[in-house]
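Residue-level listing of the chains:
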Amino acid sequence: MPAKLDITDTERYERRKQATKEWRQRKILSNPEYHEKLKKNNRDYFQKIKEGMKKEQEEEKLKSI
């Protein structure tokens, strides 16, 4: 029989979330190349989303005409 956990799922989730955030910050500070890679990937990702939204808006305009 597994041991009963003393913490709730929500608390465990919050702890893991905080630990991941701290790990990411340490990695960014210790590795500038990783930081640049993250910035580039984020920029590219949001640019694709923006372009997709523009295409959808253009298609909706064409359909409404």
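Here the structure is a predicted model, which means the values were calculated and not measured.

### Overview of the pattern of salt bridges
Side chains that differ in charge, positive against negative, can pair when their charged atoms come close.
So, step 1. Scanning the entire structure with this criterion turns up four salt bridges.
So, step 2. In this structure, the salt-bridge partner of E11 is R15, at a minimum N-O distance of 2.9 Å. Pair noted here: E11 and R15 are both in helix α1 (residues 9-30), with a separation of four residues, about one helical turn.
So, step 3. Among the residues examined, R15 registers a relative accessible area of 49% and is labelled partly exposed.
So, step 4. Salt-bridge contacts for E36 lead to K39; the nearest nitrogen and oxygen are separated by 3.6 Å. Residue E36 and its partner K39 are both found in helix α2 (residues 32-64); the two are separated by three residues, about one turn of the helix.
So, step 5. For E36, a relative accessible area of 45% translates into the label partly exposed.

### Comments concerning the packing of α1 against α2
So, step 1. Where α1 meets α2, the axes come as close as 5 Å, and the angle between the chain directions of the two elements is 115°. It follows from the interaxial angle that α1 and α2 lie roughly perpendicular. For the pair α1 and α2, the contacting residues are K27, I28 and S30 in the first and P32, Y34, H35 and L38 in the second.
So, step 2. By residue class, the composition of the contact of α1 with α2 is four nonpolar, two polar and one charged.

Conventions adopted
- Residues numbered from 1 in each chain as written.
- Predicted model: local features only at pLDDT ≥ 70, side-chain atom pairs only at ≥ 80, totals over all residues.
- Heavy atoms only, no water.
- Salt bridge = Lys/Arg side-chain N within 4 Å of Asp/Glu carboxyl O.
- Helix = DSSP H or I, 4+ residues; strand = E, 2+ residues; numbered from the N terminus.
- Buried < 20%, exposed > 50% of the residue type's maximum accessible area, 1.4 Å probe, protein only.
- Axes fitted to C-alpha atoms, helices over the stretch in contact; angles between N-to-C directions.
- Parallel < 35°, antiparallel > 145°, perpendicular 65-115°, else oblique.
- Contact = heavy atoms within 4.5 Å.
- Nonpolar A, V, L, I, M, F, W, Y, C, P; charged D, E, K, R; others polar.

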